[in-house]
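The residues making up each chain are set out below.
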Amino acid sequence: MNTRFHGVGVAIVTPFNDDMTVDFDGFGRVVQHISDGGVDYVVLQGTTGESPTVTKTEKKQLLQYLKENNPKKLPIVYGVGGNVTPEVVASMKETDFEGVDAILSVCPYYNKPGKRGVIEHFTRIADASPVPVILYNIPPRTGINMSAETICTLAEHPNIIGVKEASCIIEQCMEIARDKPEDFLLISGDDVQAVPIISIGGVGVMSVIANAFPTKFSEMIHAALRGDFAFAQKELGHFLRIDPLLYEEGNPVGIKKILEILGLISSNVRLPLYPAADELGERMRAVLQQDKLVELVA
């Protein structure tokens with residue numbers, strides 16, 4: 001069984017300078033921070049990396065920077081997706097996959113294809129990809145929900161190895177766990193649902209909050225994977241109140257504000273996202289203190 005993507009993958013942010021250029025020094029600090037925190041792999045240019053507003057050139061630069069500045073040699077999952085199938089396939093021909101362990105490919109958005117269209121879309125991507133493919137199901141952003149049946153059909157493709165399941169429908173996760181091939185990876189796409197999903201057969205999470213709190217979050221997930229759900233559930237309690245604040249003004253607005261509080265990067269985001277309001281930042285500080293994450297706050 002492929003275990004490279006068990007545990008905690010961090011959907012890493014893309015820091016920006018005040019002039020909105022990529023802050024590579026800040027990116028390096030976040031990479032070092034999560035590496036020291038014991039995470040298991042890095043997810044580059046997913047939703048949390050602001051992939052819609054990062055240019056093709058910047059994506060290549062970030063990937064190259066990560067390859068060259070990866071102190072723990074963590075596996076890399078690279079976001080390659082879109083809603084124009086031929087363009088996604090063509091983009092892979094322009095990508096240097098050396099050092100990339102898998103791609104994360106989002107369900108096509110806006111077009112709202114039916115089941116047959118979704119299956120054909122991912123089949124063509126998987127046929128063309130030189131590395132394994134992890135599906136990304138996130139209905140609130142794409143406008144469609146890939147059903148458990150569709151996901152398990154795609155799971156039969158030899159180059160499709162897993163799904164980042166962010167539907168937040170626990171019954172759907174249970175259906176995937178029941179019907180998937182044994183070696184197909186069910187990965188939570190939601191931080192607070194990760195422990196429950198592991199309890200039904202999931203192998204971990206692609207996390208937003210682990211950008212800021214990699215040690216505490218990794219300890220929780222690794223405990224759940226060992227079957228110590230009593231400890232994991234107790235630790236989960238530390239994150240339950242901060243988690244919704246991360247998304248109140250859009251992702252990654254919230255997590256970037258926390259990273260600014262920690263002194264790692266600025267909270268700059270690219271329009272149409274807008275930096276967190278001061279009032280939200282103050283509420284975040286209060287929750288972090290109340291829920292015993294204060295020791296990590298500068």
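Residues numbered from 1 in each chain as written. Predicted model: local features only at pLDDT ≥ 70, side-chain atom pairs only at ≥ 80, totals over all residues. Heavy atoms only, no water.

Quick notes on the overall build of the protein chain
Heads up, the condition is: Only runs of H or I of at least four residues qualify as helices and only runs of E of at least two qualify as strands under DSSP, and these elements are numbered from the N terminus. As a reference, a globule follows 2.2 Å times the number of residues to the power 0.38, and the radius of gyration itself is taken over C-alpha atoms. Each residue is placed in one exposure class: buried if its accessible area under a 1.4 Å probe, protein chains only, is under 20% of its type's maximum, exposed if it is over 50%, and partly exposed if it falls in between.
Broken down by element type, the protein chain carries 13 helices and 8 strands. Scaling as 2.2 N^0.38, a compact globule of 298 residues should have a C-alpha radius of gyration of about 19 Å, and the protein chain matches this with 18 Å. Across its three principal axes, the protein chain shows a C-alpha extent of roughly 50 × 45 × 35 Å. Counting over 298 residues, the protein chain shows a buried share of 57%.

Side note on the UniProt feature "site: Part of a proton relay during catalysis" (unreviewed entry) in the protein chain
What counts is decided by this rule: UniProt positions are given in the numbering used here, feature names are shortened, and annotations may be inferred rather than shown by experiment. By definition, residues are in contact when any of their heavy atoms lie within 4.5 Å.
UniProt marks Thr-47 and Tyr-110 with the feature "site: Part of a proton relay during catalysis" (unreviewed entry), using the numbering shown here. The topology assignment puts Thr-47 in the loop between strand S2 (41-44) and helix H2 (56-68). Excluding residues within four positions of it along the chain, Thr-47 makes contact with Tyr-136, Arg-141, Asn-251 and Pro-252. The residue Tyr-110 is located in the loop between strand S4 (102-106) and helix H4 (115-128) in this model. On the accessibility criterion, Tyr-110 (73% relative accessible area) is exposed. Aside from chain neighbours lying at most four places away, what touches Tyr-110 is Asn-83 and Thr-142.

A short note on the nonpolar core
To keep it simple, the criterion reads: What is meant by a nonpolar core is a set of buried Ala, Val, Leu, Ile, Met, Phe, Trp, Tyr and Cys residues, joined one to another through side-chain atoms within 4.5 Å.
Ile-12, Phe-122, Leu-135, Phe-213, Phe-217, Ile-242 and Ile-258 are the most contacted members of the largest nonpolar core, which has 83 residues in total. Counting residues in hydrophobic clusters, the runner-up holds 16 residues, among them Tyr-41, Tyr-136, Ile-161 and Ala-166.

A short note on the packing of helix H3 (residues 85-93) against H4
Basically, it comes down to this: Between the N-to-C directions of two axes lies an angle of 0 to 180 degrees, each axis being a line fitted to C-alpha atoms and, for a helix, fitted only over the stretch in contact. For this classification, under 35 degrees means roughly parallel, over 145 means roughly antiparallel, 65 to 115 means roughly perpendicular, and everything else is oblique. Crossings are sorted by hand: turned counterclockwise from the far helix by less than a right angle, the near helix makes the crossing left-handed, and turned clockwise it makes it right-handed. In this classification, the charged set is Asp, Glu, Lys and Arg, the nonpolar set is Ala, Val, Leu, Ile, Met, Phe, Trp, Tyr, Cys and Pro, and all remaining amino acids, among them Gly, are polar.
The N-to-C vectors of H3 and H4 enclose an angle of 15°; their axes lie 10 Å apart at closest approach. With respect to H4, the axis of H3 lies roughly parallel. Relative to H4, H3 is oriented so that their crossing is right-handed. Residues Thr-85, Val-88, Val-89 and Met-92 of H3 lie in contact with H4, whose contacting residues are His-121, Arg-124, Ile-125 and Ala-128. The residue inventory of the contact of H3 with H4, partitioned by class, reads 5 nonpolar, 2 polar and 1 charged.

Some words on helix H13 (residues 278-290)
As a reminder of what qualifies: Helix span is expected to be 1.5 Å times the residue number reduced by one. This arc describes the spread of directions from the helix axis toward the C-beta atoms.
Compared with an ideal rise of 1.5 Å per residue, which puts 13 residues at 18 Å, H13 spans 19 Å between its outermost C-alpha atoms and is within 8% of the ideal. Considered for burial, the residues of H13 that qualify are Leu-280, Gly-281, Met-284, Val-287 and Leu-288. Along the axis of H13, the buried residues cluster in a sector spanning 125°; they form a single face. Of the exposed residues in H13, those oriented more than 90 degrees away from the buried face are Asp-278, Glu-282 and Gln-290. Considering only its buried residues, H13 is in contact with helix H11 (242-246) and helix H12 (253-261). Just past H13, the residue Lys-292 takes up positive phi, approximately 65°.

Some details on the pairing of strand S6 (residues 160-165)
What counts is decided by this rule: Paired strands, in this sense, are two strands between which DSSP finds at least two bridges. Throughout, right-handed denotes a crossover for which the path from the first strand over the helix to the second runs clockwise when the strands point away from the viewer.
Most of S6 is tucked away, with 6 of its 6 residues classed as buried. The pairing of strand S5 (residues 133-137) with S6 spans 5 bridges and is parallel. By the bridge assignment, Tyr-136 is partnered in S6 with Lys-164. Relative to strand S7 (residues 185-188), S6 is paired through 4 bridges, and the arrangement is parallel. Along S7, the bridge assignment pairs Lys-164 with Ile-187. A crossover links S6 with its parallel partner S7, the connecting element being helix H7 (residues 170-179), and its sense is right-handed.

So, the packing of aromatic side chains
The condition is simple: Pairing of aromatic rings covers Phe, Tyr and Trp, the last through its six-membered ring, and needs centres within 6.5 Å; plane angles under 30 degrees mean stacked, over 60 mean edge-to-face, and all others mean tilted.
Counted under the stated rule, the structure contains 5 aromatic pairs. A centroid spacing of 6.5 Å and a plane angle of 50° characterise the contact between Phe-213 and Phe-239, whose relative ring orientation is tilted. Pair noted here: Phe-213 is in the loop between strand S8 (204-207) and helix H9 (214-226) and Phe-239 is in the loop between helix H10 (229-236) and H11, with a separation of 26 residues, a long-range link. Phe-239 matches Phe-213 in its accessibility class, with the two residues each being buried.

Thoughts on the sheet that holds S8
Working definition: the strands of a sheet are paired by backbone hydrogen bonds and lie parallel or antiparallel to each other. Ordered by their spatial adjacency, 8 strands build a closed barrel running S1-S2-S3-S4-S5-S6-S7-S8, and the pairing between neighbours is parallel. When the angles between neighbouring strand axes are averaged without regard to direction, this sheet yields 25°. Two elements, S4 and S5, share 4 bridges in a ladder whose sense is parallel. Pairing of Val-106 across the sheet is with Tyr-136, part of S5. Lying on the sheet, H2 is in contact with S2 and strand S3 (76-79); it crosses S3 at an angle near 180°. Against the sheet, H4 contacts S4, S5 and S6, and its axis sits at roughly 160° relative to S4.

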